[in-house]
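Descriptive analysis of the structure
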Amino acid sequence: MLEKSMYDKTDEIIANYGTEPKWLIPIIQDVQAEYRYLPPELLTYIAGKLNITEAKAYSVATFYENFSFEQKGKYLIKVCDGTACHVRKSTAILEQLYKELKLEKGQHTTADMLFTVETVSCLGACGLAPVLTVNDEVHAAMTPEKVTALIKELRGESEC
Amino acid sequence: MDYITIDGKSVPIEGEKNILSLIRKAGIDLPTFCYHSELSVYGACRMCMVEDERGRILASCSEQPRPGMVIRTNTRKIQKYRKLIVELLLSSHCRDCTTCTKNGTCELQKIAFKVGIHAVRFLNNRKRMPIDISSPSVVRDPNKCILCGDCVRTCAEIQGVGALDFAHRGSNMQVQPAFDKPLNETDCVGCGQCRVACPTGAISIRTNVTDVWNAIMDPNVRVVAQIAPAVRVAVGDQFGFPKGTNTMGKIVAAMRLMGFDKIYDTNFGADLTILEESKELAERLEKNENLPLFTSCCPGWVKYCETKYPDFAGNISTCRSPQGMFSAVIKDYFAEADEKEGKKTFVVSVMPCTAKKGEILRPDNFTDGRQDTDRVITSVELIRMIRQAGIKFDEIDSEALDMPFGMASGAAAIFGVTGGVTEAVLRHLSVDKGYQALSQIQYSGVRGNDDIKETSIMLGDREVKIAVVHGLANAGKLLESIKSGEAQYDFVEVMACKRGCIVGGGQPLPVGPRTKKARAKGIYAVDRESQIRFASDNPVIGHVFEEVINGQEHRLLHRNLH
């Protein structure tokens, strides 16, 4: 069970839209924006409010890569692996990130909940390839060296 | 009249919604995985594709017929595509056919053979998924799923439950409950209609055959069987008898050969139910409370009502189902003999239903902490046991049931079809017990396949309003209209499966429209040919009430609700 305030907040979000099934996606987008992830309990709660089955809501939420049932780190790093970034060696950047953050394969978030690393298919900034974003802040023309510096900077920032 | 041309043949359009129906009307059997006439059109399996005169490929299940259309169902291009699709389906499918419960009745197997696949060129690199055996009713094996969505749509559209849905996307897509929870933690009612719809072995019956064989082989165990009404009209066609033939005598003979000690008729239990439930209805009518009275024979419905409409749970009859009542009576009946002979009585009930496997585990079906029904096997499992024992079902002579519980009324037999419970109760309540009353009740609107049937009778000077509903989605609609005050009833019969137990989750497949009709006809024939048409005329029942039940109706026949 989550805290009551989270259900209250969800009620508020639902009230902004309505309880027709068609509002499912906007509602869970807002919930995710609020908590930086989609708590499974809230998805079940919303399904009940919208009178759709839990399985249907889960179906929608898992269809879109954007929704995550896992809590994300303070810094969400999205590494572009679209065609342009890929040919300009985005793989090396991803590898460097995994090395710097000591992440295992299949693991996306660091144990201290500071960083989450994801790959995305295209950020639409192919001219800046290879590109990554940190919480929607764009970092262009990345190299493994720049990745090391970036992580160091972010770590320092969170300490003070 | 408008026509379309199929493979050079002119076919009239007579209100068909899609080309597929026209093709089948023209005598061509196009294979399909995801098309079911009672479900919404999904158009995913692409097996039904046809080519039009411009070489375009259409999925005939989701294409409306237009006058003058010219289509071909068997061109070289279509043959090639169809074969490739099946090959791709097989590439990520578990191919352990010899050990699969669906071996021989699998649609994927059948169609793969039909389109002529003799080797699969692709490597199967799909991860092996765990099998979900959490439910007492059905087993879900995702490794055998072809994502046709038949179970998803059946569960949502026909049953209104929606325990399953697609999850994830692309090659990771799977059919599963929300958050991949085990089925027993979902709203699943265990009706097994997903298993009826499933073309492969992805959803199958949770089988108890081994436990039953173990009990039979144990000399210290008295194995007592009861056979439900819908079983006798569904087993025969698997052994070459016409669909819907009543093969009760042969079933009894086969079970005796297998080693069952006593074989009784669940219809006897149904007679008990008719008497108790009628009594309950009369009481509630008199007090004018807790109306409408909902029937409690169908465990799928009981669970549905409890989880989705808990406000109505108090309206469900406190009577146990025929299976539950009868097992309790059997256990008490043999209690003394058990003690004397140092034996243990083990009740096996043979049911058309997978939800019954869950019902026997409910605390309200226990008597003084004793599990009354030890195992439930479905018709399909009985057929499997007959085959395992090597019995030549078509050659053996019919035998009679054991006494005293081998006698039942025709009113009990019709519990296996929708409207049957109501008809039986109406007969019991009718003052006139003549032929005319029988036919009047028969034509009062309780029979037939309408989603919601309504009728009413006069009891004294009171009009008793009755509804009969089948399919849980229909039951949901009915409950909503009762809730809103739009409809008012005194007695409501609900069966989870459409058309009733004859199409239950544990019945042999396939069940097309002809099979459904034949089984219903078979059940009504059992009633018509029966010497006893009223539950109260059962000559054994008075004796059982006196000697066995002995004033303990509440303990043995009702659900202990406190």
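Refer to the structure above for everything that follows.
Here's what I pulled together on the structure shown here. (Residues numbered from 1 in each chain as written. Chains lettered and ligands numbered in written order. Predicted model: local features only at pLDDT ≥ 70, side-chain atom pairs only at ≥ 80, totals over all residues.)

What follows is about the overall build of chain A. Per the secondary structure count, chain A includes 7 helices and 4 strands. N-terminal to C-terminal, the α/β element order of chain A is α-α-α-α-β-α-α-β-β-β-α. Along the first, second and third principal axes, the C-alpha set of chain A runs to 50 × 35 × 25 Å. Burial analysis of chain A (160 residues in total) assigns 28% to the buried set. A fraction of 63% describes how many contacts in chain A between residues 6 or more apart in sequence connect residues 24 or more apart. (Helix = DSSP H or I, 4+ residues; strand = E, 2+ residues; numbered from the N terminus. Buried ≥ 20, exposed ≤ 12 C-beta atoms within 10 Å, placed from the backbone. Contact = placed C-beta atoms within 7 Å.)

On to the environment of aspartate 374 of chain B, then. Residues and elements named next belong to chain B. By the element assignment, aspartate 374 lies in the loop between strand S15 (370-371) and strand S16 (375-378). Separated by 305 residues in the primary sequence, aspartate 374 and methionine 69 have C-alpha atoms spaced 59 Å apart. For aspartate 374, the residues in contact, after removing those within four places along its chain, are Phe346, Val347 and Val348.

Before going further, it helps to spend a moment on the sheet that holds strand S1 (residues 3-6) of chain B. Residues and elements named next belong to chain B. Spatial ordering of the open sheet is given by S2-S1-S5-S3-S4, a layout of 5 strands whose pairing is mixed. Two strands in the sheet have a free side with no partner beyond their single neighbour: strand S2 (9-12) and strand S4 (57-59). Taking the axes of each pair of neighbouring strands and ignoring which way they run, one obtains an average angle of 40 degrees across the sheet. The sheet contact formed by S1 and strand S5 (residues 70-72) spans 2 bridges and is parallel. (Pairing = 2+ DSSP bridges. Axes fitted to C-alpha atoms, helices over the stretch in contact; angles between N-to-C directions.)

Now for helix H7 (residues 248-258) of chain B. Those residues of H7 of chain B lying buried are Met248, Lys250, Ile251, Val252, Ala254 and Met255 of chain B. Tucked into the core, H7 of chain B has its buried residues touching strand S10 (221-227), strand S11 (262-265) and helix H12 (379-388) of chain B.

This paragraph deals with unusual backbone geometry. All names here are of chain B. In this structure, proline 292 follows leucine 291 across a cis peptide bond, with omega equal to 0 degrees. Structurally, proline 292 can be placed in the loop between helix H8 (266-287) and strand S12 (293-294). Of note, the bond from methionine 403 into proline 404 is cis; its omega dihedral lies within 30 degrees of zero at 10 degrees. Relative to the helices and strands, proline 404 is located in the loop between H12 and helix H13 (410-413). Although it is not a glycine, aspartate 7 adopts a positive phi angle of roughly 50 degrees. Considering the arrangement of structural elements, one finds aspartate 7 in the loop between S1 and S2. For aspartate 368, which is not glycine, the phi dihedral falls at a positive 50 degrees. Structurally, aspartate 368 can be placed in the loop between strand S14 (366-367) and S15.

Function cannot be read off these values alone, since they describe shape.
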